[in-house]
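The residues making up each chain are set out below.
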Amino acid sequence: MKRTALALSVIILCCSKILAQDTIKVSGKVSSETDNKPIPGVNIVVQGTSIGTLTSMNGFYSIEAPTGATLSFSFIGYETIEVNVSGKNTIDVQMKEATSQLSEVVVVGSRAQGRTKLETPAPVDIINIDELSTNMPQMGLADMLVATAPSFNAVRSQGSDLSSHVDPPTLRGLAPNQMLVLINGKRRHTSALLNASQTGTMANAVDMSFIPTASIERVEILRDGAAAQYGSDAIAGVMNIVQKKGTGRFSGSFTAGGYPNMAPDFSSSDLTAEELALTRETDPDGFSYQFQANYGFQFKNDGYLNLTAAIRQDKRSIRPTVLSLDRAPLYNSSYLNNERTDINGMPIITNPELVQALAAGDMALADELRTVEGLMNARGIDQLDAATYAGQPAINLGSMSYNLGMPIGESTNFYSYGDIGFKYTEGFSCFYRRASQTDRFNYDLYPNGFRPQMYSNQVNVYFTNGVDGKLGDFNFDVSNTFGSNAMNIGMFNTYNASIGPNSPIDMDLGKHSFFQNTTNIDVSRYLNDVLKGLNIAGGTEMRIENYQIEAGQEESWTAGNYGIKTASSDDEELVGPDGFPLENLAGEPIVDANGNLITLPYAGYSQAIVKGYSLNCQCFRGFGPENEGNEYRTVMAAYLDLELDVTKKWMVGTAARAENYSDFGSVITGKVASRYSVTDDFALRGSYSTGFRAPSLQELNYSHTYTFFVDLVPYDGTVYPNTSTAARAIGIKALSEERSTNFSFGFAAKLFDKLEITVDAYRIDIKDRIFETSEFDKDDAPVLEPIIGKGLGSFRINGGDVSTQGLEIVANYSANLGRGVLTTTLSGTFRENKFEGADVPHLNVMLTEQQLIEKYVDRGDVGQFETGTPTANIIGSVSYGIGKFSFMLRGHYYGEVTDRDNQIRDLYNGQSGYADQTFSPQTTVDLGVTYKIIPQLMLTVGGNNIFNNYPDIVRYEKRDFYIYSNYQQGSAGAYYFGRLSFNF
């Protein structure tokens, strides 16, 4: 209460000071410099106050302002103008149209000073996040970029283990860790998580959710190989996020929205009659709330401090896979008929309703309770309650960022920026564990089965400090960047079946952490007397990385003894109280090969597995001591970058970089690029480069045991690191680096002073791309039996060569239309990914050559890379501002995708084969409408996918976890939102 009173006092004091100044009435007209037409809806604010107004439909305005105040005139599509009142009563203003994108100076892709998009030798997208965010339904940075840049993608998984806890960003259809992300030109660290991705391989990726969008001025995306310029990971390109430096303005927004969850019409789908009869309707869900605020302080020495805070909450959305009773029965015969026993042969009453019905002599009711549907009805359960859930996760996210700069000398500046964030994610991770699955069942804890769910708590930190300036004729920049991500992983609504009812049901599964410290020294000099100008840049980099896995609590990874019988007397026979042999989980008697009783000879020592209950935490085994690791590496690099303007029209650039990895040795990469201006508004450009990507510490050291399902039957497998005993036994080699070549050619043009067009063709070839094998068992490789037993093993390998080639087109048009400004954008990418063939070594297996090829590089992973994401991606948008209103309409076309099965299975038509499926192209429409309530306050309403278009449903054989395709517009349907934006 005291703080509130103090804040009000400060506000009143400030207002009184403003009012105490001499004020005058200022009026005038605002028009366009281009055609002298009036501009309605121009935002006019007295700087440093909340006083403001808007121009009328005829461009006129009137405002009360102190005699010495400064008026700020701003409007979409025009450059902001600041005018000092200086006691004048009439101030007419002519506004100049905003500089076009092709004329904007970019930072990424060139170390020369002051190059624009037209002058760069490689394609660069400039996305003004600060300007676009008001009308967009998307709230997160990754989602905004997906909606505006067709070469960029970031798929939010519907579930499956930890895949929905980080949305891995990709560029040009390549892996997430083949794109480098920079903040203000400095390297951003990745997540600690090695996660599934939309490109067919596990990868560690930058988690963009920790970067508040309110802190961002613009994003630059270099669509070209740049490993020679920026180092490893830049095979597909580079993204540079430029933070705000503005001062004296308090801005922000509050956004709220949700999904109506209006299910599509399934009548024409391939859902079976039994599936169509089941309930799958759920309530509106996925409600999201976000508040962001940004303010900049200006120092007397021309320094600045820009601060941003953001908090966001996403509720979960549920898109259940509801299967028919005959395919996914909740109970089996032994459950329905009370035929299950414990390790001593004592009966476990699982159907007490049946006992009561028999005791009452109600045979009709008893017969009904012996059926799955009858018992479910008696307990008030329907198939939706026991369905596997997929959908968007629940997220609580908070982040803060700052950007500081100040002069510390005549030509030297200190800068510092960074962010810290906390994120809790609760995702749909697991198949529903049905009570019919006897090895994962416990009546005391979960009489009707259970749905395990994973959660994670992340802490993310990023800080950069540096000094830049001029030293004689040289520009210099010395900086240090530290980044870390720590993820604590847990699971609730689970248990360890081998421990029994004493097992915890909420478990700590372990912790992953990754940190990266990068020190850079960069020097450049521009020589204007070498032809038309030569820029020489060079520098060094030292990077230290560390990756750790810490084990979870013991119950999450251990094998308990709940299903093991220990002899209580010498020569104890395995018989129950009824004199019959004890039974295993399948209800089969436990006897020797001759059908004789088994005897345990020594009391207190002799043991036998009576019930083979599943080990470890259900759904996701905790990380155990054998998974723990603490690995470091260092990277040293040096580069030289030359850009020569041979003539005023012709520019040539070249770069070379040498890197040394403590765990991989040395590599040299290079790049040559050129741009030729045919006219002032038309330029040809092209480049050729070589690239390199060392396997990440996560790829080298991650290992884990997991559960997967085939036709709803659970199997346990382990991903082994390449240094493991299992890898050495079967003959898997150590991972080596990926190497690439990148060629691009295109043009940039500006036509009629309004239309901007860029067209670029490219091809990227990657040797020894990292994939993951399919699972090997003891029959495939007998040498593995002593190591993996009845389990399955898979490995990360340099599976083979891949390529991607495509065409990217971007067109922008902006003009006055009536009394408003019309801006249109049409952009598209058309690409083809190809797996060039597996590079299979000799392995110690009992498989034919063809069987080994199919097992070595998973067919599903290859299909995901080649056809698993849209090969055609087109985005068209129209924005129009007039008076107090502005409108945004965007259409997004997703080309078809094909999902390739990774195994031969029984098909619904009775045949045997791969359950491949092609999903048809999809189109969605976004809408945003903004109204200026007052100059400082705007209300926006609209939606994403406003016509509620869902992708095709998954075919019968694979419709177990997901019901919809995940790699086009997503599976949540229409999303509608409202946003209140402020700017004081």
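Residues numbered from 1 in each chain as written. Predicted model: local features only at pLDDT ≥ 70, side-chain atom pairs only at ≥ 80, totals over all residues. Heavy atoms only, no water.

In the annotation of an unreviewed UniProt entry, the chain is listed under the name TonB-dependent receptor and assigned to Fulvivirga sediminis. What UniProt records for the chain under Sequence similarities (unreviewed entry) is the sentence "Belongs to the TonB-dependent receptor family." UniProt's Subcellular location (unreviewed entry) comment on the chain is quoted here verbatim: "Cell outer membrane". (UniProt positions renumbered as here; feature names shortened; annotations may be inferred.)

A.B. asks: Please set out the overall build of the chain residue by residue, giving values where relevant.
C.D. replies: What the chain contains, in helices and strands, is 14 helices and 46 strands. Computed over the C-alpha atoms, the radius of gyration of the chain is 32 Å, within 12% of the 30 Å expected from 2.2 N^0.38 for a compact globule of 984 residues. Dimensions along the principal axes, computed over C-alpha positions, put the chain at roughly 105 × 65 × 55 Å. Here the chain, with 984 residues, has 55% of them falling under the buried criterion. Residue pairs in contact within the chain that sit at least 24 positions apart in sequence constitute 72% of those at least 6 positions apart. In the structure as shown, the chain presents an accessible area of about 39,900 Å², 56% of it carried by carbon and sulfur atoms. A distance of 10 Å separates the average location of the 77 positive side-chain charges in the chain from that of its 110 negative side-chain charges. (Helix = DSSP H or I, 4+ residues; strand = E, 2+ residues; numbered from the N terminus. Rg over C-alpha atoms; globule rule 2.2 N^0.38 Å. Buried < 20%, exposed > 50% of the residue type's maximum accessible area, 1.4 Å probe, protein only. Contact = heavy atoms within 4.5 Å. Areas by Shrake-Rupley, 256 points an atom, 1.4 Å probe, with all protein chains shown as cover. Lys, Arg positive; Asp, Glu negative; His and termini not counted. Charge placed at Lys NZ, Arg CZ, Asp CG, Glu CD.)

A.B. asks: Which residues make up the side chain of aspartate 314, and what are the values?
C.D. replies: In this fold, aspartate 314 is placed in strand β17 (residues 304–314). Looking at aspartate 314, its side chain comes within polar contact range of the side chain of arginine 312, at 3.1 Å. Residues contacting aspartate 314, with those up to four places away along its chain left out, are Met139, Arg156, Phe287, Ser288, Pro393, Ala394 and Ile395. (Polar contact = N/O pair within 3.5 Å; in protein donor to acceptor, adjacent residues only side chain to side chain.)

A.B. asks: Any chance you could break down the environment of isoleucine 668 for me, citing the residues and the numbers?
C.D. replies: Following the sequence through the fold, isoleucine 668 ends up in strand β30 (residues 665–679). Along the chain, isoleucine 668 and proline 40 lie 628 residues apart, while their C-alpha atoms are 57 Å from each other.

A.B. asks: I'd love a proper account of the sheet that holds strand β4 (residues 60–66), names of residues and values included.
C.D. replies: Backbone-to-backbone hydrogen bonds pair the strands of a sheet. The strands run either parallel or antiparallel. The strand order across the open sheet formed by 3 strands is β4-β1-β7, and the pairing between neighbours is mixed. Lying at the two open borders of the sheet, with one neighbouring strand each, are β4 and β7 (93–95). Neighbour-to-neighbour, the strand axes of the sheet open up by a mean angle of 35 degrees, direction not taken into account. Taken together, the 3 bridges between strand β1 (residues 23–32) and β7 define a ladder with parallel strand orientation. Within β7, the position partnered with valine 30 by the bridge is valine 93. (Pairing = 2+ DSSP bridges. Axes fitted to C-alpha atoms, helices over the stretch in contact; angles between N-to-C directions.)

A.B. asks: Provide a residue-level description of the pairing of strand β35 (residues 755–772), including the pertinent values.
C.D. replies: Across 13 bridges, the pairing between strand β34 (residues 738–751) and β35 is antiparallel. When the sheet's bridge partners are listed, lysine 750 is paired in β35 with glutamate 756. Here β34 folds back onto β35 in antiparallel fashion, the turn holding 3 residues, of which phenylalanine 752 has a positive phi close to 55 degrees.

A.B. asks: Before we move on, could you go through the sheet that holds strand β8 (residues 124–127) and cite the residues and values that matter?
C.D. replies: In spatial order, the strands read β8-β13-β14-β11-β12; together these 5 strands make up an open sheet with mixed pairing. Looking at strand neighbours, the two that pair on one side only are β8 and β12 (186–187), the edges of this open sheet. Pairing analysis gives 2 bridges linking strand β11 (residues 179–183) to β12, with the strands arranged antiparallel. When the sheet's bridge partners are listed, isoleucine 183 is paired in β12 with lysine 186. Strands β8, β13 (216–222) and β14 (237–243) of the sheet are contacted by helix α3 (residues 141–148), whose axis makes an angle of about 55 degrees with β13.

A.B. asks: Could you give me a rundown of the state of the cysteines, with the residues and numbers involved?
C.D. replies: Applying the stated criterion across every chain, the model contains 1 disulfide. Linked covalently through their sulfurs, cysteine 430 and cysteine 619 form a disulfide whose S-S length is 1.7 Å. One disulfide, between cysteine 430 and cysteine 619, carries an S-S torsion of -85 degrees and so falls in the left-handed class. Residue cysteine 430 is found in the loop between β19 (412–428) and β20 (453–471), and its partner cysteine 619 is found in the loop between β27 (607–609) and β28 (629–645); the two are separated by 189 residues along the sequence. Accessibility expressed as a relative area gives 3% for cysteine 430, which makes it buried. Free of any disulfide, cysteine 617 has its nearest cysteine sulfur in cysteine 619, 7.3 Å distant. By relative accessible area, cysteine 617 is classed as buried at 3%. (Disulfide = S-S within 2.5 Å.)

A.B. asks: Let's hear about unusual backbone geometry: which residues, and what values?
C.D. replies: In this model, aspartate 233 sits at a positive phi of 90 degrees, which is unusual for a non-glycine residue. On the secondary structure map, aspartate 233 appears in the loop between α4 (227–230) and β14.

A.B. asks: Give me the nonpolar core: which residues, what numbers.
C.D. replies: Counting 54 residues, the largest nonpolar core has Leu141, Leu145, Phe152, Met208, Val219 and Ile241 as the members making the most contacts within it. Looking at this core, the element that brings in the most residues is α3, giving 6 residues. (Core = buried A, V, L, I, M, F, W, Y, C linked by side-chain atoms within 4.5 Å.)

A.B. asks: Now, about the side chain of arginine 218: what can you tell me, with residues and values included?
C.D. replies: Among the secondary structure elements, arginine 218 is positioned in strand β13. One polar contact links arginine 218 to glutamate 220, side chain to side chain, over a distance of 2.9 Å.

A.B. asks: How would you summarise the pattern of salt bridges if you had to cite specific residues and measurements?
C.D. replies: Summed over the entire model, instances satisfying the criterion amount to 48 salt bridges. Here arginine 156 ties to aspartate 167 by a salt bridge, and the two come within 3.1 Å at their closest N and O atoms. Taken together, the residues span a long stretch of sequence, with arginine 156 in the loop between β9 (152–154) and β10 (169–171) and aspartate 167 in the loop between β9 and β10 at a distance of 11 residues. Note on aspartate 167: relative accessible area 16%, which makes it buried. (Salt bridge = Lys/Arg side-chain N within 4 Å of Asp/Glu carboxyl O.)

A.B. asks: Can you lay out the pairing of β13 for me, pointing to particular residues and giving the numbers?
C.D. replies: Burial within β13 is extensive, with 6 of its 7 residues counted as buried. Of the pairings in the sheet, the one linking β8 to β13 comprises 4 bridges and is antiparallel in character. By the bridge assignment, valine 124 is partnered in β13 with leucine 222. As judged from the 6 bridges shared by β13 and β14, these two strands associate in the antiparallel manner. Within β14, the residue paired with isoleucine 221 across the bridge is methionine 239.

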